[in-house]
Amino acid sequence: MNHLLLAARTDISESLRSRWFMVYTLVFGGIIVALFVSGLTESRVMGFSGLSRVLVTYLQITMAILPVFVLITTVRSVAGDREAGVFEYMLSLPVSLSAWYWGKMLGRFFVVFLPVVLAMFAAVFWGLGKAIEIPWVQVAYYTGFLLSLAWCFLGIGMLVSTLARTSDVATGIAFIIWLVLLLFMDLILLGLLVRQGMPSESVILLALFNPMQVFRTAAMMLFDPHLVLLGQSAYVILDNFGQLGYRAWALAYPVVLGSVCAWAGYSVFKRSDLP
Amino acid sequence: MISIQGVSKQFRRVSVLNSIDLDIHHGDRVALVGSNGAGKTTLIRCLLGEYNYQGKIEIDGLEPGANRTRVLKRIGFVPQLSPPLKMPVGQLIRFAAGVCQSTPDAMLAICDQLGLDSAEVWRRPFNKLSGGQKQKLLISIALGRDTDLLVLDEPAANLDPEARHTFFQLLADRQQHAAMIISSHRLDEVAALVNRVVELDQGNIVLNDHVADQIDLASVLNCCLTLTRADAAFAETIREWGFVDSEGGRVWRGDIAGPDRLRFLGVLSRYAALIKGIELADSQKEGSADVQARIV
């Protein structure tokens, strides 16, 4: 079997047995269950009801939780494996570094992406069972956005874990990255920057390059096509991108960012001491 | 086969290897000895292409870092500390066999020879095995494929005497076509396995010498011990070596793997006051002239 697939399969089965995966699955499964139990599907808020409302809420919660989960578990696992001596043994076997690194990333992507999407599709199937109209286009976009976001933070996680020599340092760096990106969102620091008189172009540029903000805006756009909730920023986004353009940006940019980070991580990994 | 020229390695400002020069040829069985921090593990990791270093290492003309898979296909490695892998044994074996272009059956055959019930442990997570089981499994992965260099870091430390004997036989089978580097912090642990000793101290080679190579790795010694009196603690210890008693625990008979003789005598030395007589004879030779040791 191809070494890349062997490495991916090994990482998947290691992850499936780990505690973090159980917690991770329970969290995302739990969110969906909580949304149903709290009767969100029956409520009507801001004009949205039923499954769309569940999905929007789920996506907003996921945006905050998914990146930190992916970052922390990835850096702890990779840097932890190095610390514990797993690399010393596994990399003494004749597996190429590229197959090992990218196989690990693919395997991890699978286990990170699967519970999130399964939880979302559980909601969709629940809707089908209740004969609720399914917003398939939204579901497809949401799946794409989630995929893009997961890949992005996985790439950042792989870079951090190759740069940091201990799992404690890696965890600290990962947490700071997540916190900074969370702060630079429209709700928190961006609002403050606008109030401080920072040029709006700069603020919007920051927002456009923050993968969490990109995800949030794109998810918002699906149920609020004119981005009324965003205020004046919406004009810049819609004038420069258009709706389709921004969705494409939201799908492509995090993937590119994650891939660049992962590639940088690989370059560091293959040039540095392995164990 | 292995050419190491001017190899140095530093971690930050601490020098761990200082311009090491060493050549190892086919058929060499090298004891790599030295105290903790001498540089043994670092040198092994450089050989495995896991560390960057200054200088030059070539294995049959190939630099390990630049030709990882080609070089590592030829190296069987057993680490001193088992990796804390959570994956089941079966998956580890399938992974290793897959990347080493071997078969799980070849590795399982070695497991069985070493007395590890592969069917019983197949589904168990690797990190749940005992120290001895882990060691047997890692040895099986290293020996269950075609290699011409074995790098073994304290390989027999956790093995029971029977498994040690099988392990020595397996090494004997490979000694003609494979070089071996056996790392240990104590020479007496590996002395009987090697024909060459390289001692490292603070990153420098302080001894590089050949040693008498008269011990057959596959040899077995018949041993008879006579005690002044039966003793429960001695009985417990000697049973671990597979000995059986007669005359009410005063006479014990059993077999010792040839390369294990020093280790065995070391164990006996703890009970010197109890021992009345020791008789050791090569089981493959007959006649009293071939008795190797008799202390009465």
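Residues numbered from 1 in each chain as written. Chains lettered and ligands numbered in written order. Predicted model: local features only at pLDDT ≥ 70, side-chain atom pairs only at ≥ 80, totals over all residues.

**Some points on the sheet that holds strand 9 (residues 204-210) of chain B**
Adjacent strands of a sheet form backbone hydrogen bonds with each other and so pair up, either parallel or antiparallel.
Residue and element names in this part refer to chain B.
Then, in step 1: Across the sheet, which stays open at both edges, the six strands sit in the order 5-6-7-3-8-9 with mixed pairing between neighbours. For this open sheet the edge positions go to strand 5 (75-78) and strand 9, each flanked by a neighbour on one side alone. Across the sheet, the axes of successive neighbouring strands diverge by a mean angle of 15°, strand direction being ignored.
Then, in step 2: Here strand 3 (residues 29-33) runs beside strand 7 (residues 179-184); their pairing, made up of five bridges, is parallel. Residue pairing in the sheet places Val 30 in a bridge with Ile 181 of strand 7.
Then, in step 3: Packed on one face of the sheet, helix 6 (residues 131-143) meets strand 5 and strand 6 (149-153) and runs near 175° to strand 5. (Pairing = 2+ DSSP bridges. Helix = DSSP H or I, 4+ residues; strand = E, 2+ residues; numbered from the N terminus. Axes fitted to C-alpha atoms, helices over the stretch in contact; angles between N-to-C directions. Contact = placed C-beta atoms within 7 Å.)

**Details of the packing of helix 6 (residues 136-163) of chain A against helix 12 (residues 242-271) of chain A**
All names here are of chain A.
Then, in step 1: Contact pair helix 6 / helix 12: the axes reach a minimum separation of 7 Å and the direction vectors enclose 20°. The orientation of helix 6 relative to helix 12 falls into the category roughly parallel. Handedness of the crossing formed by helix 6 with helix 12: left-handed.
Then, in step 2: A per-class count over the contact of helix 6 with helix 12 returns 21 nonpolar, seven polar and one charged. (Parallel < 35°, antiparallel > 145°, perpendicular 65-115°, else oblique. Left-handed = near helix turned anticlockwise from the far one by under 90°. Nonpolar A, V, L, I, M, F, W, Y, C, P; charged D, E, K, R; others polar.)

**Brief notes about the environment of Val 260 of chain A**
All names here are of chain A.
Then, in step 1: Inspection of the secondary structure assignment puts Val 260 in helix 12.
Then, in step 2: The class for Val 260 is partly exposed, based on 14 C-beta atoms found within 10 Å.
Then, in step 3: The spacing of Val 260 and Gly 155 is 105 residues in sequence and 7.5 Å in space, taken between C-alpha atoms. (Buried ≥ 20, exposed ≤ 12 C-beta atoms within 10 Å, placed from the backbone.)

**Notes on the environment of Asp 216 of chain B**
Residues and elements named next belong to chain B.
Then, in step 1: Among the secondary structure elements, Asp 216 is positioned in the loop between strand 9 and strand 10 (220-227).
Then, in step 2: Using a count of 15 C-beta atoms within 10 Å as the deciding quantity, one classes Asp 216 as partly exposed.
Then, in step 3: Here the alpha-carbon distance between Asp 216 and Pro 259, two residues 43 residues apart in the chain, equals 7.5 Å.

**Brief notes about the domain arrangement of chain B**
All names here are of chain B.
Then, in step 1: Domain annotation of chain B identifies domain 1 (2-210) and domain 2 (220-295).
Then, in step 2: By residue number, the principal contributor to the side of domain 1 that touches domain 2 is helix 7 (residues 161-174), which donates five residues.
Then, in step 3: Looking at side-chain class alone, the side of domain 1 that touches domain 2 contains five nonpolar, one polar and four charged residues. (Domains from an automatic or database assignment.)

**Quick notes on the nonpolar core**
Then, in step 1: With 153 residues, the main nonpolar core has Ala 150 of chain A together with Ala 96 and Ile 182 of chain B as its most contacted residues.
Then, in step 2: The contacts of Ala 150 of chain A, once residues within four sequence positions are left out, are Leu 66, Val 70, Phe 109, Val 112, Phe 113 and Val 116 of chain A. (Core = buried A, V, L, I, M, F, W, Y, C linked by C-beta atoms within 7 Å.)

**Some remarks on the interface of chain B and chain A**
Accessible area lost upon the coming together of the parts serves often as the stated size of an interface.
Then, in step 1: Each side of the interface is counted separately: chain B has 23 residues, and chain A has 24 residues.
Then, in step 2: Listed by contribution, the elements that provide at least two residues to the side of chain B that touches chain A are helix 2 (68-72) and helix 3 (89-100) of chain B.
Then, in step 3: Sorting elements by how many residues they give to the side of chain B that touches chain A places helix 3 of chain B first, with six residues.
Then, in step 4: Looking at the side of chain B that touches chain A, its residues break down into 14 nonpolar, four polar and five charged.

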